[in-house]
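Okay, here's what each chain looks like letter by letter:
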Amino acid sequence: MDMPALCDEPQPMRNRLWSAMPIAVRKRLSPYLERVPLLPGKELYEAGQKLRYVYFPIHGQVSLVYVISAGREAQVASVGSEGMVGLAALMDGEQTSIRTRVQTAGSAYRLLGSVLKEELLQNSELQLLLLRYFHILLMQVTQIALCNRYHSIEQRLSRCLLLSSEDSPEQGLILTQELIARILGVRREGVTLAAGKLQQLGVISYQRGQIQILNRAKLKQLTCECYHELKNKAAQPYT
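What counts and what doesn't
Residues numbered from 1 in each chain as written. Predicted model: local features only at pLDDT ≥ 70, side-chain atom pairs only at ≥ 80, totals over all residues. Heavy atoms only, no water. Helix = DSSP H or I, 4+ residues; strand = E, 2+ residues; numbered from the N terminus. Buried < 20%, exposed > 50% of the residue type's maximum accessible area, 1.4 Å probe, protein only. Polar contact = N/O pair within 3.5 Å; in protein donor to acceptor, adjacent residues only side chain to side chain. Contact = heavy atoms within 4.5 Å. Core = buried A, V, L, I, M, F, W, Y, C linked by side-chain atoms within 4.5 Å. Pairing = 2+ DSSP bridges. Phe/Tyr/Trp six-rings, centres within 6.5 Å; stacked < 30°, edge-to-face > 60°. Lys NZ or Arg CZ within 6 Å of the ring centre and 35° of its normal. Axes fitted to C-alpha atoms, helices over the stretch in contact; angles between N-to-C directions. Parallel < 35°, antiparallel > 145°, perpendicular 65-115°, else oblique. Left-handed = near helix turned anticlockwise from the far one by under 90°. Nonpolar A, V, L, I, M, F, W, Y, C, P; charged D, E, K, R; others polar. Expected span 1.5 Å × (residues − 1).

Student: Help me understand the side chain of Asn-15, please; the structure alone is not making it clear to me.
Tutor: If you trace the backbone, Asn-15 turns up in the segment before helix 1 (16-20). Accessibility expressed as a relative area gives 0% for Asn-15, which makes it buried. Of note is the side chain of Asn-15, whose polar atom sits 2.8 Å from the backbone oxygen of Gly-83. The contact partners of Asn-15, leaving out residues within four places of it in the chain, are Phe-56, Pro-57, Ile-58, Gly-80, Ser-81 and Gly-83.

Structure, rendered in structure tokens:
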């Protein structure tokens, strides 16, 4: 198998899941890592598509989106520098019903799923680590489902902006109303009204898909408790 050029070790170490792997495992896998950009709105893979790679973000956020029917979808989780995208690449069949879309710009290291899968079959410590991560991800899915059911669009938009900005290397966020609507699983008109209210309150500036958070403390007051729950879940140790 042809291997990509060796990556710079300190860069992948910005991903907490990667840095939690046993040193020997990281040394064996590092030669296969390849750094790739995360561009807003880019699909890493579509629902039903066979997965070749797993991704370890070091900046930015990736949305895991479940497609209900044509034109209808909603975010079920998001992954940043705490985790990995592409767990289905480690399963039999290597397909997923989840669409994976870049939410906020950044970069990631990708690795052939077959390479990680081979290592996984031989290393019980790595198996326990990824099971722990899967459990944390499942808790996030549950939290977002509850948030979508019980909280207002303004609260959910505030939560989305706060979490997205924490893992973004840029001062502003590039998020179109269409992309936000897909993330939250609501109509674009609802996003327009919610963003307009936040802008009137002086907590954000929103123009041509560029969002600046002007008052982070106030935005935290306007969001729901799910923001703190999701932030705490993402920060949980893998030990």
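Student: Looking at this model, I keep getting lost on the nonpolar core. Mind explaining?
Tutor: As a rule of thumb, soluble globular proteins bury nonpolar side chains together. Core analysis: the biggest nonpolar cluster contains 42 residues, and Met-21, Phe-56, Met-84 and Leu-116 have the highest contact counts within it. If one sorts the elements of this core by residue count, strand 3 (residues 53-69) sits on top with seven residues. The contacts of Met-21, once residues within four sequence positions are left out, are Arg-26, Leu-29, Phe-56, Leu-116, Leu-126 and Leu-129.

Student: Whenever I open this one, the sheet that holds strand 7 (residues 204-207) confuses me. Can you help?
Tutor: What holds strands together in a sheet is hydrogen bonding between their backbones, with the strands either parallel or antiparallel. Taken in spatial order, the three strands of this open sheet run 6-8-7, and their pairing is antiparallel. The outermost strands of the open sheet, each flanked by one partner alone, are strand 6 (173-174) and strand 7. As defined by bridge partners, strand 7 adjoins strand 8 (residues 210-213) across four bridges and the pair is classed as antiparallel. For Ser-205, the partnering residue across the bridge sits in strand 8 and is Gln-212.

Student: Would you mind going over the packing of aromatic side chains with me for this structure?
Tutor: The way to describe two aromatic rings as a pair is by their centre distance and the angle between their planes. The full count for this structure, using the stated rule, is two aromatic pairs. A ring pair is formed by Trp-18 and Phe-56, whose centres lie 5.6 Å apart and whose planes are at 70 degrees; its orientation type is edge-to-face. With a gap of 38 residues between them, Trp-18 in helix 1 and Phe-56 in strand 3 connect regions that are remote in the sequence. Across the pair, exposure class does not vary: Trp-18 and Phe-56 are buried alike. Where Tyr-133 meets Tyr-238, the ring centres are 6.1 Å apart and the plane angle is 70 degrees; that geometry is what we call edge-to-face. Here the residue Tyr-133 occupies a position in helix 4 (residues 124-150), and Tyr-238 occupies one in the segment after helix 9 (226-234), the gap between them amounting to 105 residues. Tyr-238 carries the same exposure label as Tyr-133, and that label is buried. Between Arg-110 and the ring centre of Tyr-53, over which it is positioned, the NZ or CZ distance is 4.0 Å. Directly above the aromatic system of Tyr-150 lies the positively charged group of Arg-149, at a separation of 5.0 Å from the ring centroid.

Student: Can you help me understand the packing of helix 5 (residues 153-166) against helix 9 in this one?
Tutor: The axes of two packed helices give the description: the angle between them and the distance between them. Look at helix 5 against helix 9: their axes get within 9 Å of each other, and the N-to-C directions meet at 30 degrees. On the basis of their axis angle, the class for helix 5 and helix 9 is roughly parallel. At the point where helix 5 passes helix 9, the crossing takes the right-handed sense. Listed contacts from helix 9 to Arg-159, Leu-162, Leu-163 and Glu-166 of helix 5 are Tyr-227, Leu-230 and Lys-231. Residue composition of the contact of helix 5 with helix 9, by class: four nonpolar, no polar and three charged.

Student: Just checking my understanding: could you explain the environment of Arg-99 for this structure?
Tutor: Within the secondary structure layout, Arg-99 lies in strand 5 (residues 98-112). C-alpha of Arg-99 to C-alpha of Val-65: the two residues are 34 residues apart in sequence and 5.0 Å apart in space.

Student: Whenever I open this one, helix 4 confuses me. Can you help?
Tutor: In an α-helix, one turn spans 3.6 residues, which is why side chains three or four residues apart end up on the same side. In this model, helix 4 (27 residues) spans 40 Å end to end at C-alpha, consistent with the 39 Å of a helix rising 1.5 Å per residue. If you check which residues of helix 4 are buried, you get Leu-126, Leu-129, Leu-130, Tyr-133, Ile-136, Leu-137, Gln-140, Gln-143, Ile-144 and Cys-147.

Student: Sorry, what's going on with the side chain of Ser-158 here?
Tutor: Its location among the elements puts Ser-158 in helix 5. When residues no more than four places from it in sequence are discounted, the contact partners of Ser-158 are Leu-198, Leu-219, Leu-222 and Thr-223.

Student: Is there a simple way to explain the pairing of strand 7 in this structure?
Tutor: Both faces of the sheet carry side chains from a regular strand, because those side chains alternate between them. Residue alternation in strand 7 divides its side chains into a buried set, Ile-204 and Tyr-206, and an unburied set, Ser-205 and Gln-207. In this antiparallel pair of consecutive strands, strand 7 and strand 8, the connection spans two residues, and Arg-208 shows a positive phi of 50 degrees.

Student: What is the right way to read the environment of Leu-121 from this model?
Tutor: Topologically, Leu-121 is positioned in helix 3 (residues 113-122). Overall, the relative accessible area of 67% leaves Leu-121 in the exposed class. For the pair Leu-121 and Leu-90, spaced 31 residues apart in sequence, the C-alpha to C-alpha distance is 9.9 Å.

On their own, these measurements won't tell you what the molecule is for.
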